Amino acid sequence: MEYFNFVKKVVFEGPESKNPLAYKFYDPERIILGKPMKEHLKFAMAWWHNLGADGTDMFGRGTIDKSFGVVPGTLEHAKAKVDAGFEFMTKMGIKYFCFHDVDLVPEQKDINDTNKMLDEVSDYIVEKQKETGIKCLWGTANLFGNPRYMCGGGTSNRVDVYCFAAAQIKKALDITVKLGGENYVFWGGREGYETLLNTDMGLEEENIAQLMKMAVEYGRKIGLKGDFYIEPKPKEPMKHQYDFDAATSIGFLRKYGLDKDFKMNIEANHAELAKHTFEHELRVSRLNGMLGSIDANEGDCVLGWDVDRFPANVYTATFAMLEILKAGKISGGLNFDAKTRRASNTFEDMFKAYILGMDTWALGLINAAKIIEDGRIDKFVADRYATWNSDLGKKIRAGECKLEELAAIGCEQKFFSAENSGREEELQEVLNSILFR
Ligand code: XUL
Ligand code: CO
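What comes next concerns the included structure. These numbers come from a predicted model, not from an experiment. (Residues numbered from 1 in each chain as written. Chains lettered and ligands numbered in written order. Predicted model: local features only at pLDDT ≥ 70, side-chain atom pairs only at ≥ 80, totals over all residues. Heavy atoms only, no water.)

1. A closer look at the packing of helix H8 (residues 246-255) against helix H10 (residues 278-287)
Each pair of packed helices can be summarised by the angle the axes make with each other and by the distance between the axes.
Then, in step 1: Axis separation between H8 and H10 bottoms out at 9 Å; the angle between their running directions is 25°. Taken together, the axes of H8 and H10 are roughly parallel relative to one another. Only Glu281, Val284 and Ser285 of H10 make contact with H8, whose side of the interface consists of Ala246, Ala247 and Ile250.
Then, in step 2: For the contact of H8 with H10, the residue count by class is four nonpolar, one polar and one charged. (Axes fitted to C-alpha atoms, helices over the stretch in contact; angles between N-to-C directions. Helix = DSSP H or I, 4+ residues; strand = E, 2+ residues; numbered from the N terminus. Parallel < 35°, antiparallel > 145°, perpendicular 65-115°, else oblique. Contact = heavy atoms within 4.5 Å. Nonpolar A, V, L, I, M, F, W, Y, C, P; charged D, E, K, R; others polar.)

2. Concerning the site of ligand 1
Then, in step 1: All residues adjacent to ligand 1 are Trp48, His100, Phe144, Trp187, Glu231, Lys233, Glu267, His270, Asp295, Asp306 and Asp337.
Then, in step 2: At a separation of 3.4 Å, an oxygen atom of ligand 1 approaches a polar side-chain atom of Trp48.
Then, in step 3: In this structure, an oxygen atom belonging to ligand 1 sits 2.9 Å away from a side-chain N or O atom of Asp295.
Then, in step 4: Bound to the protein, ligand 1 loses 93% of the 290 Å² it would expose on its own.
Then, in step 5: Among the cavities detected, the one that contains ligand 1 is the largest pocket. (Near = heavy atom within 4 Å. Polar contact = N/O pair within 3.5 Å; in protein donor to acceptor, adjacent residues only side chain to side chain. Areas by Shrake-Rupley, 256 points an atom, 1.4 Å probe, with all protein chains shown as cover. 1 Å grid on protein atoms, 1.4 Å probe; cavity = no way out; pocket = protein on both sides within 12 Å on 5 of 7 lines; lining within 4 Å. Sits in = over half its atoms within 2 Å of the grid points.)

3. As for the coordination of the cobalt ion (ligand 2)
Then, in step 1: Only Glu231 (OE), Glu267 (OE), Asp295 (OD) and Asp337 (OD) from the protein reach the cobalt ion (ligand 2) as donors, at distances of 1.9 to 2.1 Å.
Then, in step 2: Coordination at the cobalt ion (ligand 2) is octahedral: its six donor atoms span angles of 80 to 171° at the metal.
Then, in step 3: Spacing between the donor residues of the cobalt ion (ligand 2) along the chain follows E-x35-E-x27-D-x41-D. Within this pair, whereas Asp295 is found in strand S11 (residues 291-295), its partner Asp337 is found in the loop between strand S12 (334-336) and helix H12 (347-374), the two being separated by 42 residues in sequence. Residues Asp295 and Asp337 agree in their burial class; the two are buried. (Donors = N, O, S within 2.8 Å, 3.2 Å for Na, K, Ca; no water. Tetrahedral: all angles 85-135°; square planar, octahedral: opposite > 155°, others 65-115°. Buried < 20%, exposed > 50% of the residue type's maximum accessible area, 1.4 Å probe, protein only.)

Written out as structure tokens, the structure is:
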């Protein structure tokens, strides 16, 4: 059965094209900085939004029919989603997908029944992978949807809930490895708290670290070779989430000796919720050798919550691609953890949304390469720190100075020279002239 008969294949037609179902900038074979675009941009489809999100919001029922012709909540529907997903990825030329356990099958009353369904549906996915060559970028367990996780999974106050979380993680790891999944994600939506009046923060953090350790041990035993990722988010659904941002998460990983196995999966909209820019989170991760993967979406500056819009902001994608290019190779890719708006309720909208996202990141890549090749911004930054290349600067950086010695030099200076402009406006103009020439 063909679900999306309005298009055979989405192909690159170039910026002049008026065809809404064609790429204007994403040209998979185009060489950028010595590598084809398709290698720079490992795009992935998020199973949950693309095959599951039906436009439901806090105020109203779904607007988008994702039944795919069968009754939702059945095994038949889970398989129809596989068919639709693989048709979508094949037509779009997307080579990867990401999933939560409960995206693949509806959660049953008894976890053993859910697990049996997962076995059957994952067998079916393996067949489709063999036919198409499509791979799994990462898998994860949903430890936030079911009411049992209302007080957390790995940070629950109850050991029985913690074991349930362990059972879901174990199975999600099994399925990730079975699907050849390259990496595994922890996103801690319920791993946080509402009030310290009822919370033992120290115990909760130690417990989730322990759960992560056990997950790494098991994952390595069954053959997961890639990275484990933490996906930081400051809040929503919880008021305080332990994985607030990259810096907090990296500190946590180092404290518990998890930093060799884990990296960051940075999501643009989560960075914004933490009042950071996306590129800030990427830079912090990169500088700590922890830039693993990306959830490519964006927020809305007028709204204060996680709206998971498809990325359209070319400046943001440009700054993000600069960080990725400077990181060199990352283990992950660009997962569109994004959903069409409630009123964009046709399957055509689904294709157009991914085309927008992929074209935006293609422009980001093209622009980032231009900025690197132009060199003016990198040179400005290097020059701005030139005094650190003096003998004194080198000596300080080598840890060979005492505070008294520097204080004496400081006191010799009669006044502060104000000739130290950061020239932000000039640099923004340089940026625009590189981007739009
Ligand atoms: C929620 C979110 C998740 C993770 C995976 O904000 O981003 O979908 O990406 O659990
Ligand atoms: Co995400």
